[in-house]
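Examination of the molecular architecture
Letter by letter, the chains look like this.
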Amino acid sequence: MEKVDKLAPLGFGFMRLPLRDADDPTSIDIGKCCELVDIFMDAGFTYFDSARGYHGCKSEWALRKALVERYPRESFTIATKLPAWLAKNAEEARSMFDTSLAECGVDYFDYYLLHNLGESLTPPFEEYGLWEFCAEKKAEGKIKRFGFSIHDNAEELEKVLDAHPEVDFVQLQVNYVDWESDIIQSRKCYEVCLERGLPVVVMEPVKGGTLVKLPDPVADILRTAEPGAPLASWALRFAGSLPGVIAVLSGMNTPEMVAENAAIMRDGVPLAAGEYEVIEAAREALAALPGVPCTDCRYCMKGCPEGVHINTIMQSLNIYDQMGDAYRAQENYNWNTGAGKASACIQCGACESVCPQHIAIVSELERAAELFE
Ligand code: SF4
Ligand code: SF4
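This write-up is about the structure you can find in this document. Bear in mind the structure is a predicted one, so any value in this text is a computation, not a measurement. Numbering of residues starts from 1 in every chain and runs along the sequence as written. By the order in which they are written, chains take letters starting at A while ligands take numbers starting at 1. Reporting of local features is limited, given that this is a predicted model, to residues whose pLDDT is at least 70; pairs of side-chain atoms are given and counted only at 80 or more, and all residues count toward the totals for whole chains, interfaces and linings. Heavy atoms from the whole structure form the basis of all side-chain values; hydrogens and water molecules are not counted.

So, on to empty space enclosed by the protein. Definitions used for this entry: grid spacing 1 Å over protein atoms alone; cavity, a set of points where a 1.4 Å probe fits but cannot get out; pocket, an open set with protein on both sides within 12 Å along at least 5 of 7 lines; lining residue, one with an atom within 4 Å of a point. Grid points are joined across faces, edges and corners, and a volume is the space filled by probe spheres set on the points. Considering all chains together, one arrives at three cavities of 30 Å³ or more under this definition. Its volume calculated, the largest cavity comes out at about 100 Å³. Along the walls of the largest cavity sit 15 residues, with Cys 294, Cys 300, Cys 355, Ile 359 and Ile 361 positioned nearest its centre. Going through the elements one at a time, helix 13 (299-302) and helix 14 (310-322) are the ones with two or more residues in the lining of the largest cavity. Counting from the N terminus, the helices are the DSSP runs of H or I reaching at least four residues and the strands are the DSSP runs of E reaching at least two.

Taken as a whole, the second largest pocket holds about 420 Å³ of empty space. Lining the second largest pocket are 19 residues; nearest its centre among them are Val 177, Asp 178, Lys 207, Leu 286 and Pro 293. Of all the secondary-structure elements, those providing two or more residues to the lining of the second largest pocket are helix 12 (273-287) and helix 14. A class-by-class count of the residues in the lining of the second largest pocket yields nine nonpolar, six polar and four charged. A domain-level breakdown of the lining of the second largest pocket finds at least three residues from each of domain 1 (10-287) and domain 2 (299-372). Think of it as three bins: nonpolar holds Ala, Val, Leu, Ile, Met, Phe, Trp, Tyr, Cys and Pro, charged holds Asp, Glu, Lys and Arg, and polar takes everything else, Gly as well. In this entry, domain limits derive from an automatic or database-based domain assignment.

Turning next to unusual backbone geometry. Within the chain, His 55 stands out as a residue other than glycine whose phi angle is a positive 55°. Looking at the element boundaries, His 55 is found in helix 2 (residues 54-57). For every residue, the accessible area obtained with a 1.4 Å probe (protein chains only) is divided by the maximum for its type, and the residue is called buried under 20%, exposed over 50%, and partly exposed between those limits. The buried category is assigned to His 55, whose relative accessible area is 9%. A positive phi angle, close to 55°, is found at Glu 204, a residue other than glycine. When you line up the elements, Glu 204 lands in the loop between strand 7 (200-203) and helix 9 (216-225). The buried category is assigned to Glu 204, whose relative accessible area is 12%.

Let us now look at the packing of helix 1 (residues 30-42) against helix 3 (residues 59-68). Axes, fitted as lines to C-alpha atoms, cover a helix only where it is in contact. Angles between the N-to-C directions of the axes lie from 0 to 180 degrees. Between helix 1 and helix 3, whose axes approach to 9 Å, the crossing angle comes to 60°. For the element pair helix 1 / helix 3, the angle class is oblique. As helix 1 runs across helix 3, the sense of the crossing is right-handed. Every residue of helix 3 that contacts helix 1 at Ile 30, Cys 33, Cys 34, Val 37 and Met 41 is listed here: Trp 61, Ala 62, Lys 65, Ala 66 and Leu 67. Should an angle lie under 35 degrees it is considered roughly parallel, over 145 roughly antiparallel, and from 65 to 115 roughly perpendicular; all remaining angles are considered oblique. Here is the rule for handedness: rotate from the far helix to the near one, and if that takes an anticlockwise turn smaller than a right angle the crossing is left-handed, while a clockwise turn gives right-handed. Contact between two residues is taken to exist if any of their heavy atoms lie within 4.5 Å; hydrogens are not considered.

The immediate surroundings of ligand 2 are formed by Cys 294, Thr 295, Asp 296, Cys 297, Arg 298, Cys 300, Ile 310, Cys 355, Pro 356, Gln 357, Ile 359 and Ile 361. A molecule is said to be in a cavity or pocket once over half of its atoms fall within 2 Å of that pocket's grid points. Counting atoms within 2 Å of the grid points, the majority share of ligand 2 lands in the largest cavity. Residue classes in the shell around ligand 2 are distributed as eight nonpolar, two polar and two charged. When we say a residue is near a molecule or strand, we mean one of its heavy atoms is within 4 Å of it.

We call Phe, Tyr and Trp rings a pair once their centres come within 6.5 Å, taking the six-membered ring for Trp, and we label the pair stacked below 30 degrees between planes, edge-to-face above 60, and tilted otherwise. By the definition in use, this model includes 21 aromatic pairs. Geometrically, the ring pair formed by Tyr 47 and Tyr 111 is tilted, given 4.9 Å between the ring centres and 50° between the ring planes. Here Tyr 111 lies in strand 4 (residues 109-117) and Tyr 47 lies in strand 2 (residues 47-49), a separation of 64 residues in the sequence. Pairing Phe 97 with Tyr 112 gives two aromatic rings, centres 4.9 Å apart and planes at 75°, and the pair type is edge-to-face. Highlighted residues: Phe 97 in helix 4 (residues 90-104) and Tyr 112 in strand 4, separated in sequence by 15 residues.

Rendered as structure tokens:
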């Protein structure tokens, strides 16, 4: 693979922002958000990534408050996304574009994406005429670069690109754990974009935080190879070393996290050949451990009729399985699931049909109910 001279820039994902109430995703703490944005901008980075649906539809508003109303428009770039699968009809789906402009407080988007395509999620974008609609918005100058995000495999990605070669970029899930995964197919998806000359925005480079909380046997491999380097450095530099990547997104929520990630991507260098071998060893060690590949994206929870805290439950299972820490797994379960315990599940299957990681959620919930209740 071609080598890059410097790492791709860090992007700020506005989907895991600091909250005033941990149980209310809309209760974004704007004061803290402003602090995070300032650290990010001071480090010289400019790419912000939101979506109509993030944080109970409050993420774009937070972007306006913390960024747009505080910095000149030309000093940053904004990406946001249209989730057709949240709309009941074409009119409602199309109206999301103007709502996003108003919520963000801008009159154009630097990057605009159709949100989360693949298999059953793709048809509404066609049915509602959103490809043509976005082409019109681009011709009007309201979209500078048009693309889509996808969590599906390379075959689905090729289908979308064959039907819509007009896109300017693609947003993909890329990290060193999913690179060779048969389900996520990070490498294959990335190579499809590379072959077509399409720039890539990377999402989930640290796999929802999993790659900075590695179990000791895996973390020790990385720590021994480069003492003192944060675990995030391996994950972010892996994504940032890929040619054609225009931003590596991270959903950050503390000043320390923003400062650390910004320093890694500003001062770090692309991975050397020997470092890929270290990563391969860590990947193999991780694959040898049992675990649920949940990235904490929470798509599953939007449509759950019983309000099951699926992400927290998957987290508890991983603490139990991978760290072998039954006490902390139970504590996490007791404190964070509230009324949304695993036993509340009525097995309707809505969550499984939207999970980008294709997790057998229902059977994992049955296991969790047995273990923790
Ligand atoms: S299968 Fe269970 S957890 Fe999934 S959406 Fe239905 S009730 Fe919720
Ligand atoms: S179970 Fe799937 S959809 Fe739900 S949070 Fe985890 S990865 Fe996301």
